[in-house]
Amino acid sequence: MSTAELNSKWEQCLGFIRDNVSESVFDAWFTVIVPISFENGELTIQVPSGFVYEYLEQNCLGVIKAALTKIFGRGVQLSYRIVTDKENGLSRNESSQNLTNTDIRKTESADNKAPDQSNAPLVQDLNPNLDNKYRFDNFVEGSSNRLARTAAETIALNPAGTAFNPMFLYGASGVGKTHLVNAIGMKVRELHPELRVLYVSAHLFMVQYVDSVRNNTINDFIHFYQTIDVLIIDDMQEMAGQAKTQNTFFHIFNHLHLNHKQIIMTSDRPPKDMKDLEERLVTRFKWGLVAELERPDFELRVDILKEKTRREGLDFPQTVINYIAENVTDNVRDLEGVIVAIMAHSTIYGKDIDLDLARRVLEKSQSYERKPVTIDNIISKVCDYYNLSPDLIQSKSRKHEVVQARQISMFLANKYLDMSTSKIGARIGKRDHATVLHAFGAVRDQIQVDKSFRADIENIESSLRC
């Protein structure tokens, strides 16, 4: 390898290291290193003293090896040329401990200590938040999702032991992203019960982060996530524009990746199109595999319909299956919804499941146009329901009924509109994004424990669809 190429690669290594250690550590210990040679898979670097060599080996070997693996490739060996007498040009050579890739772990400096995990929940006590109805055996494979499906199964067999770390899946709503990442989690728990697996939406991650800041438990929040072996985060686009949440996730991501833990993420768009997301995060998202789940083609739609009817014990003629597949083209959820609608019409009205019934159900659903939901529409419906003036929602009033109506408006806006929490807060009472996240959590939690309140929310949602 030429000197110019070696220097270029070493600069890339330094860029990686700079992002993963404190500035003081980088300036003190890494700026003094000089790359000497790269031959037969072995990199030789020069350090100015034995003390520097010992410090790097004892405190920074994890991040160094991760950088070398990233830039030079797997299996690279590391050796040092240690200057013992600068004036007379004397030096000695030492080999690194040469940790294998599966043993790499980040040994932190005093400025960046690894978390105390002694209080972390045991594996069997951790709720992974997985949905067990989403498994590989009921995920229908086709040309539009084959790459993602194959990679997912590979990861499940050997978490963090493949080149697919991190794994970033993207695609439109309803194409199977959530199903696939849940399937990975379920399979990992089956094959590797000793591993800590966690599925969480990006939105819930943000809510937890905001709560930890308010409760002054941010260190516990970070330490908990750093104990996870397989972290699955859904809908990463939700973090766009949330600088503090992104910064915290950045450090969690680095810790997990350097310690060879598996990271899996989904989004409705590829990393390069994720606006208001820090470039250093976008770069990391592309380190492993970025795979798209495309909208299902006709053949896959037919297979999905057959699998759905088979699981439900339904008897749909092939002509009906083909008709649905030809006319419902957007996503899997729509396909399954049509199956349910046809079955309901057949049961309620005593009709045979045939092409005529399928046409009538689809024609009715396609001709029905919902009015677009807007923030003004949401505020109006909420205020009508609670007999309040919309002006009160925008005011600084702290009356209980006004606060509740304001929180419900924020909850519904977050649920139905493709808007950031910051924009929602600006439009509803001129609040910040943290207030919106808190409102979402408060309404969600009350829905789960208060049947009367849940009925109120359902009634308001029904009025939005009119």
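Computed from a predicted model, the values in this text were never measured in an experiment.

Helix and strand counts for the chain come out as 20 helices and 9 strands. Oriented by its inertia axes, the alpha-carbon framework of the chain measures out at about 95 × 60 × 40 Å. Intrachain contacts of the chain at a sequence separation of at least 6 include 72% that bridge at least 24 residues. Of the roughly 23,400 Å² of accessible surface on the chain, 46% is carried by carbon and sulfur atoms. The distance from the centre of the 55 positive side-chain charges to the centre of the 62 negative ones in the chain is 4 Å.

Inspection of the secondary structure assignment puts Gln242 in the loop between strand E7 (230–234) and helix H9 (243–258). The class for Gln242 is buried, based on a relative accessible area of 1%. A sequence separation of 84 residues divides Gln242 from Asn158, and the C-alpha atoms of the two residues are 33 Å apart. If we ignore the near neighbours within four places in the chain, the residues touching Gln242 are Met206, Thr421, Ser422 and His433. A polar contact of 2.7 Å, which involves the side chain of Gln242, links it to the side chain of His433.

A few words now on the pairing of strand E5 (residues 167–170). Both faces of E5 are covered, namely the face carrying Met167 and Leu169 and the face carrying Phe168 and Tyr170. Across 4 bridges, the pairing between E5 and strand E8 (residues 262–267) is parallel. Looking at the pairing, Leu169 lines up with Thr266 of E8. In this sheet, strand E9 (residues 289–292) lies alongside E5 in parallel orientation, the contact comprising 4 bridges. By the bridge assignment, Tyr170 is partnered in E9 with Glu292.

In total, this model carries 14 salt bridges according to the counting rule given. The partner of Arg280 in a salt bridge is Glu278, and the shortest N-O contact between them spans 2.6 Å. For Arg280, a relative accessible area of 26% corresponds to the partly exposed category. Classification of Glu278 as partly exposed rests on a relative accessible area of 24%. The residue Asp376 makes a salt bridge to Arg427 at a minimum N-O spacing of 3.8 Å. Taken together, the residues Asp376 in helix H15 (residues 375–386) and Arg427 in helix H18 (residues 421–427) connect sequence positions 51 residues apart. Classification of Asp376 by relative accessible area gives exposed; the value is 52%.

So, about the sheet that holds E8. If you trace the 5 strands from one edge of the open sheet to the other, you get E6-E7-E8-E5-E9, paired in parallel fashion. Both outer strands of the open sheet, strand E6 (197–201) and E9, are each paired with one neighbouring strand and no more. The sheet shows a mean angle of 15° between the axes of neighbouring strands, taken without regard to direction. Sitting on the sheet, helix H5 (residues 146–157) touches E5, E8 and E9, and the angle it makes with E5 is about 150°.

Residues with a pLDDT of 70 or more make up 90% of the chain, whose mean pLDDT is 83. When the criterion is pLDDT under 50, residues 98–118 qualifies, and its contacts beyond four places in sequence or with other chains add up to 46 contacts.

Given a rise of 1.5 Å per residue, 14 residues ought to cover 20 Å, and the 20 Å separating the end C-alpha atoms of helix H11 (residues 298–311) matches this to within 8%. Those residues of H11 that sit buried are Leu300, Arg301, Val302, Ile304, Leu305, Glu307, Lys308 and Thr309. Buried residues along H11 sit in contact with helix H12 (318–327) and helix H13 (332–349). Following H11 by one or two positions, Gly313 adopts a phi angle in the positive range, close to 70°.

Moving on, we come to the packing of aromatic side chains. For the structure on display, the rule yields 17 aromatic pairs. Joined through ring pairs, the aromatic side chains of Phe16, Phe168, Phe205, Tyr209, Phe221, Phe224, Tyr225, Phe249, Phe253, Phe285 and Trp287 make up one cluster. A cation over a ring is seen here: Lys133 above Tyr134, with NZ or CZ 4.6 Å from the ring centre. Between Arg280 and the ring centre of Phe250, over which it is positioned, the NZ or CZ distance is 3.6 Å.

Relative to each other, helix H17 (residues 400–416) and helix H20 (residues 451–464) sit at 55°, their axes nearing to 12 Å. Between H17 and H20, the angle is such that the two are oblique. Considering only the axes of H17 and H20, their crossing is right-handed. Between H17, through Gln404, Ile408, Phe411, Leu412, Lys415 and Tyr416, and H20, the contact on the second element is made entirely by Phe453, Ile457, Ile460, Glu461 and Leu464. Class assignment of the residues belonging to the contact of H17 with H20 gives a composition of 8 nonpolar, 1 polar and 2 charged.

Residues Phe30, Leu43, Leu56 and Phe249 are the most contacted members of the largest nonpolar core, which totals 68 residues. At 8 residues, the largest contribution of residues to this core is made by helix H4 (residues 61–72). Leave out the neighbours within four places in its chain, and Leu56 touches Trp29, Phe30, Ile33, Val47, Leu61, Ile64 and Tyr80. Core analysis: the next-biggest nonpolar cluster, separate from the first, contains 26 residues, Val188, Val230, Ile232 and Ala291 among them.

About the cut-offs
- Residues numbered from 1 in each chain as written.
- Predicted model: local features only at pLDDT ≥ 70, side-chain atom pairs only at ≥ 80, totals over all residues.
- Heavy atoms only, no water.
- Helix = DSSP H or I, 4+ residues; strand = E, 2+ residues; numbered from the N terminus.
- Contact = heavy atoms within 4.5 Å.
- Areas by Shrake-Rupley, 256 points an atom, 1.4 Å probe, with all protein chains shown as cover.
- Lys, Arg positive; Asp, Glu negative; His and termini not counted.
- Charge placed at Lys NZ, Arg CZ, Asp CG, Glu CD.
- Buried < 20%, exposed > 50% of the residue type's maximum accessible area, 1.4 Å probe, protein only.
- Polar contact = N/O pair within 3.5 Å; in protein donor to acceptor, adjacent residues only side chain to side chain.
- Pairing = 2+ DSSP bridges.
- Salt bridge = Lys/Arg side-chain N within 4 Å of Asp/Glu carboxyl O.
- Axes fitted to C-alpha atoms, helices over the stretch in contact; angles between N-to-C directions.
- pLDDT = per-residue confidence, 0-100.
- Expected span 1.5 Å × (residues − 1).
- Phe/Tyr/Trp six-rings, centres within 6.5 Å; stacked < 30°, edge-to-face > 60°.
- Lys NZ or Arg CZ within 6 Å of the ring centre and 35° of its normal.
- Parallel < 35°, antiparallel > 145°, perpendicular 65-115°, else oblique.
- Left-handed = near helix turned anticlockwise from the far one by under 90°.
- Nonpolar A, V, L, I, M, F, W, Y, C, P; charged D, E, K, R; others polar.
- Core = buried A, V, L, I, M, F, W, Y, C linked by side-chain atoms within 4.5 Å.

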